[in-house]
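For reference, the chains in residue letters:
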Amino acid sequence: MPANRTQDACAPNMERAENISVVGWSGARSQISARTFAAIMLASALLSAAFASWIPLQASIITVFLFAGPHNWFELRYFMMRLPVRFGRSRNFFIVAFGGIFALTLAYISLPALYYATLWSGENWTTAMAWWNTALLLWIGMLVLMRGRQTSRRDWSWVVPVAFALCAVNWLRPDLFSLAIVYIHPLVALWFLDRHLRRAKPEWLATYRRCLVLLPLLLAGMLWQLSRTASLADDNGLFWRITQHAGAELLPNVSSHMLVSTHVFLEMLHYGVWIVALPLIGATGAIWKVNSIPVANHGRGFPKLIGGILIFSLFVVTVLWLGFSMNYTATRDIYFTVAIAHVLAEAPFLLRMI
Amino acid sequence: MKPILITAGVVLTLIATAVFAFGDLARPKPSATPEAKSVLYSGLTIVTDSKAYDAKLQISEATLKRISEGAAREGGSASLIQNITHSSSRTMMAGLFMFLAVSFAGVWLARSNQRRNAKAIVAVLIVAFICGVGTMMVRANAGPPGYIRWQNLPQSLKDGKPTYGGVEVEIVPGDENMKLIIPLRNK
């Protein structure tokens, strides 16, 4: 880090930002071998698939209760590790990124809030959903374009027609498009792990990707095994919400057992990557040390602000646990609405790693 | 980047103008009578039985379960095609974005002269061609419109032969008797 401070005085802003990233990558340390890492990953995936298939509703309730809040905390810490002290040439990228996260989260929360406050009948719910998805796609398209322009080697202008084509698909069936996001989002964590291993542990990458090949096979096995099972009895409010979240209403001819199991399995993988895999390879630094975060440790950093945010986030995680204990159903609803912010935040930080 | 932003701005301005123009149109009057609710699309076989005393409507357990599930769901189980055709505004938006996608893809195609891009384009075109041919084959295999199958019903009834065709199960308001509507066209 002192070397960083020396460079800071004379180097341009963008260079400082890139140096911080390098410190974050090279700081990754772990005591385990690639084989042990692969064994842990495979065992976790198999156990998750078994539990998700066997007791999907119970597994969903328990995993969300235990891991939803902590995984968000780990994710926040990881994103802070990747945040430059000065945005420099990436200033516009971060303005669009944070502006989009804020605006899209606000819009996403406003829709159910207006509905429950009886200020909106929810009559055009599907259209509102389609507009939100469109805004999301255009925002991501804009971020990809901006990121592509930062290096002359890249021509990412193909993203414009792709984004518009996805918008078209979204307008045909906005509800199914939103459901696709529910299933795709957990997989983004695996992409993060891939990108991180590529930079921090390149010797593990081949092993990781070989393990990743097993995922479609595991999923295909689950779908084949569960496709003919009877739908789950969603006879109480909580079970109904869980099956709806997995898309039981949108796909009435598909067994809700299969849908919930698949979704819970993917969620378990998602939590596993953020809480176990990335910390295991040292991606989040020493968890309790704020100084391991470059934006806090740097001479021009913000140690108090970063420390305060992390402590406040721990408090929110505790409140979430209390909420789940007192009224699980309502807290789950609120959590999955507010948690859209972390889904959105993954896009710019993932792009910064590509 | 700048030309793309300018083009996007012009297109959005045009769309905004169209919104104002259409804003003056009166809304269609809501229909006074509630509409029939489609709950299932299935098959129907009409057979004659010279020994039977009453007409019978036989429904399999699985079909009955699907009908009750469809009826329980608000709005019924509309198919993908129904969902698209019943929302003209959404179809228009989808068409608009598809137009933009094709237009920008064309611009990107014209501007890119790299061999790698050319390979990618060829790959996309091949995939699109295969999908198109596949779609044609599937559609061609879908058979004629539903009413064609019922054209021979009168003759089949006379001959005592069974007739098979598609049927859409609808729940209608009121408590009248069950009604079977056969789409017979005048020859």
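As a convention, each chain's residues are numbered from 1 in the sequence order in which they are written. To label them, take the chains in the order written and letter them from A, then take the ligands in the order written and number them from 1. Residue-level local features of this predicted model are given only where pLDDT is at least 70; pairs of side-chain atoms are given and counted only at 80 or more, and the full residue set underlies all totals for whole chains, interfaces and linings. Remark: hydrogens and water are excluded; side-chain values derive from all non-hydrogen atoms of the structure.

(A) Representation of the overall build of chain B within the structure. Helix and strand assignments follow DSSP, with helices taken as H or I runs no shorter than four residues and strands as E runs no shorter than two, numbered in order from the N terminus. A count of helices and strands for chain B gives seven helices and two strands. Any residue under 20% of the maximum accessible area for its type is buried, any over 50% is exposed, and the rest in between are partly exposed; the area is computed with a 1.4 Å probe on protein chains only. Taken over 187 residues, chain B has a buried fraction of 17%. Counting only contacts in chain B whose residues sit at least 6 apart along the sequence, the fraction spanning at least 24 positions is 82%. Total accessible area on chain B stands at roughly 15,300 Å², and carbon and sulfur atoms take up 62% of it. Contact definition: two residues touch when any of their heavy atoms are within 4.5 Å. In short, Shrake-Rupley with a 1.4 Å probe defines the accessible areas, and a residue's cover is counted only from the protein chains shown.

(B) Local environment of the overall build of chain A. For chain A, the count of helices and strands is 15 helices and zero strands. For chain A, buried positions account for 50% of its 354 residues. Counting only contacts in chain A whose residues sit at least 6 apart along the sequence, the fraction spanning at least 24 positions is 82%. Counting only carbon and sulfur atoms, one obtains 68% of the accessible surface of chain A, whose full area is about 17,100 Å².

(C) Quick look at the interface of chain B and chain A. Counting residues at the interface gives 18 residues for chain B and 21 residues for chain A. Note on terms: buried area is the combined drop in 1.4 Å-probe accessible area of two parts once they are placed together, counting the loss on both. When chain B packs against chain A, close to 1,900 Å² is buried across both sides, 78% of that on carbon and sulfur atoms. The salt bridge definition used is simple: a Lys or Arg side-chain nitrogen within 4 Å of an Asp or Glu carboxyl oxygen. If you look at where chain B meets chain A, you find zero salt bridges. N or O atoms closer than or at 3.5 Å make up a polar contact, with two conditions inside protein: a donor-capable atom paired with an acceptor-capable one, and, for residues adjacent in sequence, both atoms drawn from side chains. Connecting chain B to chain A are two residue pairs in polar contact (both at pLDDT 80 or more). Broken down by element, the residue count for the side of chain B that touches chain A peaks at 10 residues, all from helix α4 (residues 88-111) of chain B. Nonpolar residues are Ala, Val, Leu, Ile, Met, Phe, Trp, Tyr, Cys and Pro. Charged residues are Asp, Glu, Lys and Arg, and all others, Gly as well, are polar. Its residues placed into classes, the side of chain B that touches chain A shows 14 nonpolar, two polar and two charged.

(D) Region of the structure containing the packing of aromatic side chains. Residue and element names in this part refer to chain A. Geometry of aromatic contacts follows a simple scheme: Phe, Tyr and Trp rings, the Trp one being its six-membered ring, pair when their centres are within 6.5 Å, and the pair is stacked under 30 degrees between planes, edge-to-face over 60, tilted otherwise. In total, this model carries 21 aromatic pairs over all chains according to the counting rule given. Both rings, one in F312 and one in F315, keep their centres 6.2 Å apart while their planes meet at 40°; by these two values the pair is tilted. Taken together, the residues F312 and F315, both in helix α13 (residues 303-326) and three residues apart, mark about one turn of the helix. In terms of burial, F312 and F315 fall into one category: exposed. Three or more aromatic residues joined by ring pairs make a cluster, and in this case those are Y78, F79, F192, W274 and F349. When the ring centre of Y78 is taken as reference, the NZ or CZ atom of R82 above it lies at 5.3 Å. In this arrangement the basic side chain of K201 is found over the ring face of W204, its NZ or CZ atom lying 5.0 Å from the centre. We call a charge positioned above a ring when the Lys NZ or Arg CZ atom is no farther than 6 Å from the ring centre and deviates by at most 35 degrees from the ring normal.

(E) Quick look at the confidence of the model for chain B. All names here are of chain B. pLDDT gives the predictor's per-residue confidence on a scale running from 0 to 100. Across chain B, the average pLDDT comes to 74, with 71% of residues at 70 or higher. Within chain B, the element-level pLDDT minimum falls on helix α3 (residues 80-85), averaging 54, and the maximum on helix α7 (residues 153-159), averaging 86. Both scores are available for the predicted complex, with the pTM at 0.69 and the ipTM at 0.76.

(F) Region of the structure containing the nonpolar core. Put simply, buried Ala, Val, Leu, Ile, Met, Phe, Trp, Tyr and Cys residues joined by side-chain atoms within 4.5 Å make one nonpolar core. Judged by nonpolar contacts, the single largest core of 101 residues is most densely connected at F192(A), L193(A) and F265(A). It is helix α11 (residues 256-280) of chain A that provides the largest number of residues to this core, a total of 14 residues. Counting residues in each nonpolar core, the second largest holds five residues, with L44(B), W150(B), L153(B) and V167(B) among its members.

(G) Local environment of the side chain of N72(A). All names here are of chain A. Mapped onto the secondary structure, N72 falls in helix α4 (residues 56-81). Relative accessible area serves as the criterion here: at 19%, N72 is assigned to the buried category. Contacts of N72, omitting those with residues within four sequence positions, involve Y335 and H342.

(H) Quick look at helix α5 (residues 91-116) of chain A. Residues and elements named next belong to chain A. Here a helix's expected span is defined as the number of its residues, less one, multiplied by 1.5 Å. Relative to the 38 Å expected for 26 residues at 1.5 Å per residue, α5 spans 38 Å between its end C-alpha atoms, a close match to the ideal helical length. Two axes enter the definition of the bend at a residue: one is fitted to the seven residues ending there, the other to the seven starting there, and the bend is the angle between them. Taken as a whole, α5 carries its principal kink of about 25° at S110; the proline P112 stands between one and four residues after it. For α5, the secondary structure elements touched by its buried residues are α6 (125-149), α14 (328-338) and α15 (340-353). One or two residues past the end of α5 sits T118, with phi positive at roughly 55°.

(I) Representation of the packing of α5(A) against α14(A). All names here are of chain A. Contact geometry for α5 and α14: axes closest at 9 Å, N-to-C directions at 150°. Contacts from T105, Y108, I109 and P112 of α5 reach α14 at F336, T337 and V338. For the contact of α5 with α14, a count of residues per class yields five nonpolar, two polar and no charged. Note on method: axes are straight lines fitted to C-alpha atoms, helices fitted across the in-contact stretch only, with angles between N-to-C directions ranging 0 to 180 degrees.

(J) How the structure looks around the packing of helix α7 (residues 159-172) of chain A against α4(B). Two elements in contact, α7(A) and α4(B), have axes whose closest approach is 8 Å; the angle formed by their N-to-C orientations is 165°. Taken together, the axes of α7(A) and α4(B) are roughly antiparallel relative to one another. Of the two possible hands of crossing, α7(A) and α4(B) adopt the one that is left-handed. Seen from α7(A), the contacting residues are V160(A), P161(A), F164(A), A165(A), C167(A), A168(A), W171(A) and L172(A); seen from α4(B), they are R90(B), M93(B), A94(B), F97(B), M98(B), L100(B), A101(B), F104(B) and A105(B). Per-class residue counts for the contact of α7(A) with α4(B) are 16 nonpolar, no polar and one charged. Should an angle fall under 35 degrees it is called roughly parallel, over 145 degrees roughly antiparallel, and 65 to 115 degrees roughly perpendicular, with every other angle called oblique. Note on convention: the crossing is left-handed when the near helix lies turned anticlockwise from the far helix by less than a right angle, right-handed when the turn is clockwise.

(K) Structural detail: the pattern of salt bridges. Residue and element names in this part refer to chain A. Scanning the model with the defined rule gives three salt bridges over all chains in all. Across the pair D175 and R173 runs a salt bridge, and its minimum N-O distance is 3.1 Å. The exposure classification of D175 matches that of R173, with both residues buried. Salt-bridge contacts for D194 lead to R209; the nearest nitrogen and oxygen are separated by 2.8 Å. With a gap of 15 residues between them, D194 in helix α8 (residues 174-200) and R209 in helix α9 (residues 202-226) connect regions that are remote in the sequence.

(L) Region of the structure containing the confidence of the model for chain A. Here chain A averages 83 in pLDDT, and 90% of its residues register 70 or above. Every residue in residues 1-24 of chain A is under pLDDT 50, and counting partners more than four places away or in other chains gives 32 contacts.

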